[in-house]
Amino acid sequence: MITDRDRSGYFGASDCSYIMGNWNTKTFKKWWLTKMGLNDEHFTTRAMNAGTYYEGAILDAVGVPRRNYQIIIPEYRLRVNLDGDGIGRVDEVKTHSADKTFKVTKAYRQQVNVQMYAKLIEEGRIPTANIHAYGLTEADYRNFFNPIDFERLKTYKVEYDECFIEGFLQRLVCLADCLTKGTFPSL
């Protein structure tokens, strides 16, 4: 669960779509202003609130030993928040509407790969990684304290993608340099 909403000055694992995407869009420019500390927009939705509150119960249900752990890699201005982890493991929680099929998207795989990279730097070995997806019902949205229904909880293994990480780090070096200089990045 993220408690510090300041997204400036650092890049996170959930920023992958911006980092790896097109830097010439309005969306990227708005995101860049947030990273520069010049735009302080944050919003919340009912689904986001439910996901935040169910995260701990989901991690309890799958037996994750530690949660809300942060790894900072200063040379890349990379600040990675892990939902849950343990020695040699990364656990990411995703909630979704129970009436829809959950898909491990490219963005989710990239996010978890950056989390794995951060654990690799910290521990010196590539960790295992899982996405724990939980389908929320209307009753769950109304009451954040419902017990976890194991029929709606699925776990997906994510493999480490060294090629993706190499490309990610190349772009991150450029972005970190621009952030330090206070300039707009270009490829």
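Anyway, here's the lowdown on the structure attached to this text.

Calculation rules
- Residues numbered from 1 in each chain as written.
- Predicted model: local features only at pLDDT ≥ 70, side-chain atom pairs only at ≥ 80, totals over all residues.
- Heavy atoms only, no water.
- Pairing = 2+ DSSP bridges.
- Helix = DSSP H or I, 4+ residues; strand = E, 2+ residues; numbered from the N terminus.
- Axes fitted to C-alpha atoms, helices over the stretch in contact; angles between N-to-C directions.
- Contact = heavy atoms within 4.5 Å.
- Salt bridge = Lys/Arg side-chain N within 4 Å of Asp/Glu carboxyl O.
- Buried < 20%, exposed > 50% of the residue type's maximum accessible area, 1.4 Å probe, protein only.

### Here's the deal with the sheet that holds strand 3 (residues 89–97)
Reading across from one edge, 1-2-3-4-5 is the order of the 5 strands in this open sheet, with mixed pairing throughout. With partners counted over all chains shown, the strands left at the sheet margins are strand 1 (66–73) and strand 5 (153–157), one partner each. On average, each strand axis in the sheet is tilted by 40° relative to the strand beside it, whichever way the strands run. As defined by bridge partners, strand 2 (residues 78–86) adjoins strand 3 across 3 bridges and the pair is classed as antiparallel. What sits directly across from Gly86, in strand 3, is Arg89. Each of strand 1, strand 2, strand 3, strand 4 (128–136) and strand 5 touches helix 3 (residues 46–61); the most contacted strand, strand 3, lies at about 135° to it.

### Digging into the pattern of salt bridges
All chains considered together, the criterion is met by 14 salt bridges. Across the salt bridge formed by Arg46 and Glu138, the nearest N and O atoms sit 2.7 Å from each other. Here Glu138 lies in helix 5 (residues 138–142) and Arg46 lies in helix 3, a separation of 92 residues in the sequence. Classification of Arg46 by relative accessible area gives partly exposed; the value is 45%. Its relative accessible area of 41% is what places Glu138 among the partly exposed residues. For Arg152, the salt bridge is made with Asp140, and the minimal N-O distance between the two is 2.5 Å. Here Arg152, found in the loop between helix 5 and strand 5, pairs with Asp140, found in helix 5; they are 12 residues apart in sequence, far enough to count as distant. One network of salt bridges, with partners in common, ties together Arg66, Asp85, Lys119, Glu122, Glu123 and Arg125.

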